[in-house]
Amino acid sequence: MNDKQWKIEKYLPKLSGKILFVGVGKDPDNITHYSEYHKLIQTPESFETIDLLSDNMMSTKASKHHVCDFLDFVNEYKYDHISLHGLWGDRFIFKKENRELSGKKLSEIIINSINKAHTMLNVGGTIEIGPNTNNINVIYDYMINEGLYKTIYRINRGEEECGNCIFWGEKLNNNPFNYNKEYNLWENIKTVGLFKN
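This text gives an overview of the structure that appears in the document.

Rules and cut-offs
- Residues numbered from 1 in each chain as written.
- Predicted model: local features only at pLDDT ≥ 70, side-chain atom pairs only at ≥ 80, totals over all residues.
- Heavy atoms only, no water.
- Buried < 20%, exposed > 50% of the residue type's maximum accessible area, 1.4 Å probe, protein only.
- Helix = DSSP H or I, 4+ residues; strand = E, 2+ residues; numbered from the N terminus.
- Arc of directions from axis to C-beta.
- Contact = heavy atoms within 4.5 Å.
- Polar contact = N/O pair within 3.5 Å; in protein donor to acceptor, adjacent residues only side chain to side chain.
- Disulfide = S-S within 2.5 Å.
- Phe/Tyr/Trp six-rings, centres within 6.5 Å; stacked < 30°, edge-to-face > 60°.
- Pairing = 2+ DSSP bridges.

1. Things to note about helix α1 (residues 3-11)
Within the span of α1, buried status applies to Asp 3, Trp 6, Lys 7 and Tyr 11. The buried residues of α1 occupy one face: seen down the axis, they fall within an arc of 100°. Buried residues along α1 sit in contact with β1 (19-22), α2 (37-40), β4 (79-85), β6 (121-130), β7 (149-155) and β8 (166-171). At the N-terminal end of α1, a side-chain oxygen is found 3.1 Å from the backbone nitrogen of Lys 4, two or three residues along, and the residue is Asn 2.

Here it is as structure tokens:
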């Protein structure tokens, strides 16, 4: 089962309460799975999305759509579920000569995004993360070992046709997410679609 099938069959039908899906713009390959997400959750009336793209460029339906960078997003309430799936993948194009700097910058964005989602999530709620690199496992391990999250589901990119390295976990407390190591999630990857000539 690939990650899109997993989301549709195993993840979305279990969600209820206030839900925030980050990054749901129209797929450039015209894949329409986003357009069904609101129908698959238990509480479509509280399904919110956020993207840099406006409502009319979205392929999914939401009760509320926020147009902004997730790291700049401010909200008055917390969520029961937040998805950060597939945000940092093949659409990020960097020059090979800037690979190290770009990889560190993108890694910083990912760490900051996870931290932000952690602060916006209710205890007992869930976070789902899925970039296209298995190097993120060190961050998933940190989240578990620090007692911040309990694993619900976890799979590496490349296992069972999965295109992303997925972590879905339940938030156990409001202790801070303090992962502060400078880290390049793409450092040891030899062939990466992210880095072009």
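2. Overview of the state of the cysteines
Applying the stated criterion to the full structure yields 0 disulfides. No disulfide involves Cys 165; its sulfur sits 7.9 Å from the nearest other cysteine sulfur, which is in Cys 162.

3. Points about the packing of aromatic side chains
Going through the model one piece at a time under the given rule, you end up with 12 aromatic pairs. For the pair Trp 6 and Tyr 153, a centre-to-centre distance of 4.6 Å together with 15° between the ring planes defines the contact as stacked. A residue pair is termed long-range when its members are at least 10 positions apart, and Trp 6 in helix α1 and Tyr 153 in strand β7 qualify at 147 residues. For Tyr 153, a relative accessible area of 23% corresponds to the partly exposed category.

4. Quick word on the pairing of strand β2 (residues 47-51)
Counting buried positions along β2 yields 5 of 5 residues, so the element is predominantly enclosed. The alternating pattern of β2 places Phe 47, Thr 49 and Asp 51 on one face and Glu 48 and Ile 50 on the opposite face, and all of these are buried. Strand direction decides the pairing type here: β1 and β2, joined by 4 bridges, are parallel. Bridge pairing in β2 links Val 22 to Ile 50. The sheet contact formed by β2 and strand β3 (residues 64-67) spans 4 bridges and is parallel. Of the residues in β3, the one forming a bridge with Ile 50 is His 66.

Shape is all these values report; function is a separate question.
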